[in-house]
Amino acid sequence: QVQLVESGGGLVQAGGSLRLSCVASGNTFSVTSMGWYRQTPGKQRELVATISSDGSTNYADSVKGRFTISRGNAKNIVYLQMNSLKPEDTAVYYCNAYTLARVTYWGQGTQVTVSS
């Protein structure tokens, strides 16, 4: 089992920045990648960014050049630095972890609201 706890969401004006954090606990040795997804009402959850155990990253086209995913010195922490935020970035952001056993875990989500 892997537990994920997100923090850092909030209300920000367009053009502003926020940093989300996700702390993983439990069987973190089995995690091969972590990432961030987001969801708005009535829409499917969508990929924002992922980072693998080797440090390789992947971003949705809509956030490239504005968002950066990274890991802390403790490999069980993942950050999402969000700059130049737009109203369309408003969503609930979920932390995700994928394990060697091909199991996906999710955090409880954190709300990000960008006002115009």
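The model shown is predicted, which means the values in this text are computed figures rather than measured ones.

Novice: Sorry, what's going on with the nonpolar core here?
Specialist: Note that soluble globular proteins tend to have their nonpolar side chains buried in a common cluster. Of all hydrophobic cores here, the largest spans 29 residues; its most connected members are L4, M34, W36, L80, M82 and Y93. Put simply, the parts of the chain that give this core at least two residues each are β1 (2-7), β3 (18-26), β4 (31-39), β5 (46-52), β7 (67-71), β8 (77-82), β9 (91-99) and β11 (110-115). For M34, the contacting residues outside a window of four places in its chain are L4, C22, A24, T50, I51, I69, K75, V78, C95, N96 and A97.

Novice: For this particular structure, what's the right way to read the pairing of β8?
Specialist: Two faces, one strand: in a regular strand the side chains alternate between the faces of the sheet. Burial runs high along β8: five of the six residues are buried. Alignment of β7 against β8, held across five bridges, turns out to be antiparallel. Across the sheet, the residue bridging to T68 is Q81, located in β8. Between the antiparallel neighbours β7 and β8 lie five residues.

Novice: Just to check I follow, could you spell out the pairing of β3 for this structure?
Specialist: Looking at chain direction, β1 and β3 are connected through six bridges and run antiparallel. Directly across from S7, in β3, lies its bridge partner S21. The pairing of β3 with β8 spans six bridges and is antiparallel. Bridge assignment links V23 to a residue of β8, and that residue is I77.

Criteria and thresholds
Residues numbered from 1 in each chain as written. Predicted model: local features only at pLDDT ≥ 70, side-chain atom pairs only at ≥ 80, totals over all residues. Heavy atoms only, no water. Core = buried A, V, L, I, M, F, W, Y, C linked by side-chain atoms within 4.5 Å. Buried < 20%, exposed > 50% of the residue type's maximum accessible area, 1.4 Å probe, protein only. Helix = DSSP H or I, 4+ residues; strand = E, 2+ residues; numbered from the N terminus. Contact = heavy atoms within 4.5 Å. Pairing = 2+ DSSP bridges.

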